[in-house]
Amino acid sequence: MADSNVKIYIFGKEYEVPESLTIMNAMEYAGYVLKRGCGCRNGFCGACATIYRIKGDNRLRTALACQTKVEDGMYIATLPFFPLDKRTYDINDVKPSETLMMSLYPEIYSCIGCNACTKACPQGLNVMQYIAYAQRGEYKKCAEESFDCVMCGICSSRCPAGISHPQVAELARRLNGKYLTPNAEHLEKRVMEIHNGDCKAAVDEMMAKSDAEIRALYNSREIEK
């Protein structure tokens, strides 16, 4: 059975599109060429952050266009980027001290606990909680809580304190990866083997396999506990 159509408005222009489409697919259906580098279009995941409202309701809503289906009477607009402020630092020069966040992102201590960031997150992350971890210098917990962040910036668009939550979380994950997580010695060894050319024969053998053979190897691989 064919999809029913719904009426949407993209930058104020009216279109009729199948109701099963996401906002992203609907924009392409209407003839728009997405050039913002969206993750599922060979770019960065999180780049399709979108604002919209429904006819008869004045509330502005936010969403990722790739995971939000169109609704009848939806007014859609995209922004070139959502508000994020990335501070400049060299990860090799900073250390996971309790005062690091105060020097780089002092605005996190102005958080009023409104929880608007968490409510806005399209990934369902507990954003306010990982900011609380960052405030206390608990970078490992912050990194784990924010692991699925796609850096869309929707949380920051709703923050009255002007916090750049994704950038704070990225710093925590980088600190965790460089300083707090134990080195994977087997991985370092394999990287060195690849660098020295010891794995060339194995790589050539893998490259010669068909797609089906590679999928079978992947699906039957031994998973480390």
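Bear in mind that the values here come from a model prediction, so they are computed numbers and not experimental data. (Residues numbered from 1 in each chain as written. Predicted model: local features only at pLDDT ≥ 70, side-chain atom pairs only at ≥ 80, totals over all residues. Heavy atoms only, no water.)

Enquirer: What is the right way to look at the overall build of the chain in this model?
Expert: For the chain, the count of helices and strands is 10 helices and five strands. Taking all 225 residues of the chain together, 34% fall into the buried category. For the chain, the share of sequence-separated contacts (at least 6 apart) that also reach a separation of at least 24 residues comes to 55%. Counting 28 positive and 28 negative side-chain charges, the chain places the averaged centre of each group 5 Å from the other. (Helix = DSSP H or I, 4+ residues; strand = E, 2+ residues; numbered from the N terminus. Buried < 20%, exposed > 50% of the residue type's maximum accessible area, 1.4 Å probe, protein only. Contact = heavy atoms within 4.5 Å. Lys, Arg positive; Asp, Glu negative; His and termini not counted. Charge placed at Lys NZ, Arg CZ, Asp CG, Glu CD.)

Enquirer: What should I look at first to understand a nonpolar patch on the surface in this one?
Expert: Among the surface-exposed residues, Met206, Ile214 and Leu217 lie close enough to one another that they form a single nonpolar patch of about 240 Å² accessible area. The topology assignment puts Ile214 in helix 10 (residues 211–219). The class for Ile214 is partly exposed, based on a relative accessible area of 36%. (Patch = residues over 30% accessible without salt bridge, like charges linked within 9 Å, V, L, I, M, F, W, Y side chains within 5 Å. Areas by Shrake-Rupley, 256 points an atom, 1.4 Å probe, with all protein chains shown as cover. Salt bridge = Lys/Arg side-chain N within 4 Å of Asp/Glu carboxyl O.)

Enquirer: Would you take a moment to explain the packing of helix 4 (residues 127–135) against helix 7 (residues 165–180) for this structure?
Expert: When two helices pack together, their arrangement is given by the angle between the helix axes and the distance between those axes. Put simply, helix 4 and helix 7 touch, their axes get as near as 10 Å, and they point 50° apart. Comparing the axis directions of helix 4 and helix 7 gives the class oblique. The crossing of helix 4 and helix 7 is left-handed. In contact with Val127, Tyr130, Ile131 and Ala134 of helix 4, helix 7 contributes His165, Pro166, Val168 and Ala169. (Axes fitted to C-alpha atoms, helices over the stretch in contact; angles between N-to-C directions. Parallel < 35°, antiparallel > 145°, perpendicular 65-115°, else oblique. Left-handed = near helix turned anticlockwise from the far one by under 90°.)

Enquirer: Help me out: how do you make sense of the packing of aromatic side chains in this one?
Expert: Working definition: an aromatic ring pair is given by the centre-to-centre distance plus the angle between the planes. For the structure on display, the rule yields three aromatic pairs. A centroid spacing of 6.1 Å and a plane angle of 50° characterise the contact between Phe11 and Tyr32, whose relative ring orientation is tilted. Separated by 21 residues along the polypeptide, Phe11 in the loop between strand 1 (5–10) and strand 2 (13–18) and Tyr32 in the loop between helix 1 (23–29) and strand 3 (49–54) bring together distant segments of the chain. Using a relative accessible area of 24% as the deciding quantity, one classes Tyr32 as partly exposed. Consider the rings of Tyr15 and Tyr32, whose centres lie 6.0 Å apart with planes at 70°: the pair is edge-to-face. Placement of Tyr15 in strand 2 and of Tyr32 in the loop between helix 1 and strand 3 is noted, with a sequence separation of 17 residues between them. Aromatic rings pair up to connect Phe11, Tyr15 and Tyr32 into one cluster. A cation over an aromatic ring shows up here: Lys178 above the ring of Tyr179, its NZ or CZ 5.6 Å from the ring centre. Over the ring of Tyr218 we find Arg221; its NZ or CZ atom is 3.9 Å from the centre of that ring. (Phe/Tyr/Trp six-rings, centres within 6.5 Å; stacked < 30°, edge-to-face > 60°. Lys NZ or Arg CZ within 6 Å of the ring centre and 35° of its normal.)

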